[in-house]
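Spelled out from the first residue to the last, the chains are:
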Protein chains: 2
Amino acid sequence: MYENEMMEIKNKQVMKSNGFGLIQKHEKEIFRSFITDEDGLYKVWHLGIPDTSTEGWQVAIEGGVDGTLTLTLKDLQELEQTTVMSFQECAGSPVFPDIPQRRVGNIVWEGVRLRDVLLQVGVGNNIKFIHSSGVDHGDFNGQHYESYDKDLPLEMALNDNVLLALKINGEPLSNSRGGPVRLIVPGYYGTNSTKWLNRLALAETRHNGDFTTRYYNDREVIDGAEVLTPVWEIKPNSLLVFPENGMHLPKEKQTLWGWAWGFHPISKVEVSLNAGLTWQDAEIESRDENSWQRFSFEWEPHVIGEFHIVIRASDREGNVQPLLGKRNQVYRSIIFVS
Amino acid sequence: MYENEMMEIKNKQVMKSNGFGLIQKHEKEIFRSFITDEDGLYKVWHLGIPDTSTEGWQVAIEGGVDGTLTLTLKDLQELEQTTVMSFQECAGSPVFPDIPQRRVGNIVWEGVRLRDVLLQVGVGNNIKFIHSSGVDHGDFNGQHYESYDKDLPLEMALNDNVLLALKINGEPLSNSRGGPVRLIVPGYYGTNSTKWLNRLALAETRHNGDFTTRYYNDREVIDGAEVLTPVWEIKPNSLLVFPENGMHLPKEKQTLWGWAWGFHPISKVEVSLNAGLTWQDAEIESRDENSWQRFSFEWEPHVIGEFHIVIRASDREGNVQPLLGKRNQVYRSIIFVS
């Protein structure tokens, strides 16, 4: 199981499709359950879906104090298994990062803690990042990539929720879900949860590939200088499950409800019934592991007509959902009371 | 036909229903036609629907230089008939006037010009308002009313588009539509188009009833004093017909379109695809009589995801639709490009 040399990973990798792809179902009932059905959870990929086989699958952990550790699927299955419930959210298009995509779910992941693997391989004092690579390869936005490469700060990699996941909601990860092994980084945008994981590398610096430097960096101009922020921690976000946008409701008591989530626990959800003119606090449930949090708000419409409901979540660090122009901009639902 | 004395009008008036009522269909196809089907046009009433009969119907015009003029339905049918195309919009609840109701249509009305009748009866130099009354009576918001009473400034009453209407889209006005005779005031909110019209009165002052003083006045505080503005002239408004709120669209060229209208002709319609962050001008057609005006905007979505479309009309006097908290606040449609 352990070899003190660089290994060539020979996972099977016939591409089933090439380039960026997406499966996103829009039936609203997907969001009614606290745990999202695997079937309802969005799927997104950058470089096609490789035709992975569980047979012979290996993950190499390179750059450890003791060299490279190579783990087969069987090795991983024999290590201690941890279950983590977490929301999973896609950061959206890396080319147009400010358009909300509403790709989110709440999932029970199971697998081996990344921390356990890192401790086995030995983390040197100078290590600051963990690079992760998937076997998917192909063209994206006019460029060819031999693998999909991401990075994490070491501190996050040591978080006891970060997994080399083998299961989703109790079932083995399917090929199109990133199986047999994928990284899961609860609280980080999905782009960091490298699918078809076959390589981890301990590093002193960030990965220098396009998926870490060119894409998935938020650009802000502060004091005239462009500041890049890696798309890691999920910003506070929320989703109204009821009423759905476009609904007609009778003029009776209604329970508005939905989900709120973010890297930091959500401490406040506000509801506006007039497009943001005035706000009221909703009730929110506390966070269970890394789950999304249910909010609800009792409302008795006092008049028939059009209402523009807006939902705004804040985390306990004081970060608030922006009204406009960001991937996590407030959720809105326009309904008619008749 | 003409009598130089006050007459008691003996129209049949059995109430079919009492109090405020509304029929509003929400099928979006209602708005696809330039001329709205009578069947699709909203109906709203304050004091129930009287069971009017065309037999024996009379309209008295009181306070003329030559006394009172009483016109039977037959008299009205024998006067010159005028056809006017006009949008018709309900001002919404007089108790909660700031909630958009989206009750609107574009109609061809036919009947006798109010001006012709006023000229016959003789308008004295001191006359500044025309009062109008319907035979509907009953309770509204906890008060009893013997009739529904409104008023118009004389200048508007002399406008050649204001009709004692007998027909809608070429057909006689039905009982529930306000027939056999109703006032039609193109460009003014529907509350001024008195249904079941049986009395007009020339006056020096506004009518002192609740429907002119208590209800249907917009209240603004200007320099610390409350200023009342009668709900007469329709403020610039607009409606997006395509895409409908809640729609999913493919990522291809789309023609956004809808209607804009107001007392003054609409000179600009702006479209925002990002909830009001940035705006672009739509194309608009010119006004035909008092019709609503079609606007359209060619759009090719550049990315999948959620788009919040906002439509904002301005009239040639420079009045712009407000974003929030007014009956004519901007129309919004939240769609998903997938």
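Residues numbered from 1 in each chain as written. Chains lettered and ligands numbered in written order. Predicted model: local features only at pLDDT ≥ 70, side-chain atom pairs only at ≥ 80, totals over all residues. Heavy atoms only, no water.

Enquirer: Requested: an account of the overall build of chain A, with residues and values cited.
Expert: In terms of regular secondary structure, chain A is built from four helices and 27 strands. Along the longest, intermediate and shortest principal axes, the C-alpha atoms of chain A span 75 × 50 × 35 Å. In chain A, once contacts between residues fewer than 6 apart in sequence are set aside, the share between residues at least 24 apart is 73%. Only carbon and sulfur atoms are counted for the fraction: they give 47% of the accessible area of chain A, which is about 13,900 Å². (Helix = DSSP H or I, 4+ residues; strand = E, 2+ residues; numbered from the N terminus. Contact = heavy atoms within 4.5 Å. Areas by Shrake-Rupley, 256 points an atom, 1.4 Å probe, with all protein chains shown as cover.)

Enquirer: Account for the interface of chain A and chain B, naming residues and giving values.
Expert: Tallying the contact residues gives 32 residues for chain A and 32 residues for chain B. Buried surface at the junction of chain A and chain B, summed over both partners, amounts to about 2,500 Å²; 66% is from carbon and sulfur atoms. There are two salt bridges connecting chain A and chain B. For Glu306(B), the salt bridge is made with Arg102(A), and the minimal N-O distance between the two is 2.8 Å. Linking chain A with chain B are nine residue pairs in polar contact (both at pLDDT 80 or more). Every element with two or more residues in the side of chain A that touches chain B is listed here: strand E26 (305-315) and strand E27 (331-337) of chain A. Looking at the side of chain A that touches chain B, its residues break down into 13 nonpolar, 15 polar and four charged. (Buried area = accessible area lost by both parts, 1.4 Å probe. Salt bridge = Lys/Arg side-chain N within 4 Å of Asp/Glu carboxyl O. Polar contact = N/O pair within 3.5 Å; in protein donor to acceptor, adjacent residues only side chain to side chain. Nonpolar A, V, L, I, M, F, W, Y, C, P; charged D, E, K, R; others polar.)

Enquirer: Can you lay out the sheet that holds strand E19 (residues 237-242) of chain B for me, pointing to particular residues and giving the numbers?
Expert: Residues and elements named next belong to chain B. Spatial strand order, E19-E21-E25-E24: four strands in an open sheet with antiparallel pairing. Two strands in the sheet have a free side with no partner beyond their single neighbour: E19 and strand E24 (283-284). Strand direction decides the pairing type here: E19 and strand E21 (residues 254-261), joined by five bridges, are antiparallel. Within E21, the residue paired with Asn237 across the bridge is Trp261. (Pairing = 2+ DSSP bridges.)

Enquirer: With reference to specific residues and values, describe the relation of the copies chain A and chain B.
Expert: Mapping one chain copy onto the other needs a rotation about an axis and a shift along that axis. Mapping chain A onto chain B is achieved by rotating through 180° and translating by 0.0 Å along the same axis, at an RMSD of 0.0 Å. In the structure described here, the two chain copies are related by an operation that fits a two-fold rotation axis. Across chain A, the rotation axis passes nearest the C-alpha of Gly246(A), at a separation of 2.7 Å. The share of interface residues of chain A whose copies in chain B are also at the interface is 100%, consistent with both copies meeting through the same surface. (Least-squares fit on C-alpha atoms with pLDDT ≥ 70 in both.)

Enquirer: Describe the UniProt feature "domain: Moybdenum cofactor oxidoreductase dimerisation" (unreviewed entry) in chain A, and please don't skip the residues or the numbers.
Expert: If you check UniProt for "domain: Moybdenum cofactor oxidoreductase dimerisation" (unreviewed entry), the listed places come out as residues 231-323 of chain A in our numbering. What you have in residues 231-323 of chain A is 0% helix and 48% strand, and the ends, taken at the C-alpha atoms, are 19 Å apart. (UniProt positions renumbered as here; feature names shortened; annotations may be inferred.)

Enquirer: An account of helix H2 (residues 114-121) of chain A is needed here, citing residue identities and associated values.
Expert: Residue and element names in this part refer to chain A. Within the sequence span of H2, burial applies to Leu114, Val117, Leu118 and Val121. Buried residues along H2 cover an arc of 100° about the axis, so they all sit on one side. Just downstream of H2, Gly122 is the residue with a positive phi angle, here 90°. (Buried < 20%, exposed > 50% of the residue type's maximum accessible area, 1.4 Å probe, protein only. Arc of directions from axis to C-beta.)

Enquirer: Tell me what's going on with the side chain of Asp151(B), and back it up with residues and numbers.
Expert: Residue and element names in this part refer to chain B. With respect to the helices and strands, Asp151 occurs in strand E12 (residues 148-153). Since its relative accessible area comes to 1%, Asp151 is described here as buried. Looking at Asp151, its side chain comes within polar contact range of the side chain of Arg206, at 3.0 Å.

Enquirer: Give a detailed account of unusual backbone geometry, specifying residues and quantitative values.
Expert: Residues and elements named next belong to chain B. Here the bond from Gly179 into Pro180 is cis, since omega is 15°, no more than 30 degrees from zero. Relative to the helices and strands, Pro180 resides in the loop between strand E14 (171-172) and strand E15 (182-184). Note that the residue after Phe242, namely Pro243, is joined by a cis bond; omega there is 0°. Counting through the fold element by element, Pro243 comes out in the loop between E19 and strand E20 (248-249). The phi dihedral of Asp223 falls on the positive side, at around 50°, and the residue is not glycine. For Asp223, the location among the structural elements is in the loop between strand E17 (217-222) and strand E18 (225-230). We classify Asp223 as exposed; its relative accessible area is 80%. In the Ramachandran plot, Ala275 falls in the positive-phi region, its phi being about 60° despite a non-glycine side chain.

Enquirer: Can you break down the pairing of E26(A) residue by residue, with the values?
Expert: Residue and element names in this part refer to chain A. Of all 11 residues making up E26, 11 are buried, and the element is well covered by its neighbours. Alignment of strand E22 (residues 266-272) against E26, held across six bridges, turns out to be antiparallel. Bridging from a neighbouring strand, Val271 pairs with Ile311 of E26. As paired strands, E26 and E27 are joined by seven bridges and run antiparallel to one another. Note on E27: the bridge partner recorded for His308 is Ile334.

Enquirer: Hey, could you go over the side chain of Arg182(A) for me, with residue numbers and the actual values?
Expert: All names here are of chain A. Secondary-structure assignment places Arg182 in strand E15 (residues 182-184). Despite being buried, Arg182 has no salt bridge partner; Glu38 is the closest side chain of opposite charge, sitting 7.9 Å away. Separated by 3.2 Å, the side chain of Arg182 and the backbone oxygen of Ser193 make a polar contact. (Lys, Arg positive; Asp, Glu negative; His and termini not counted.)

Enquirer: Which residues make up the packing of aromatic side chains, and what values do they have?
Expert: Residues and elements named next belong to chain A. A complete count under the given rule lists 27 aromatic pairs over all chains for this structure. Centroid distance Tyr145 to Phe211: 5.0 Å. Interplanar angle 55°. Geometry classified as tilted. Within this pair, whereas Tyr145 is found in strand E11 (residues 143-145), its partner Phe211 is found in helix H4 (residues 210-213), the two being separated by 66 residues in sequence. The class of Phe211 is buried, set by a relative accessible area of 2%. Ring geometry for Trp259 versus Trp292: centroids 4.8 Å apart, planes at 5°, classification stacked. (Phe/Tyr/Trp six-rings, centres within 6.5 Å; stacked < 30°, edge-to-face > 60°.)

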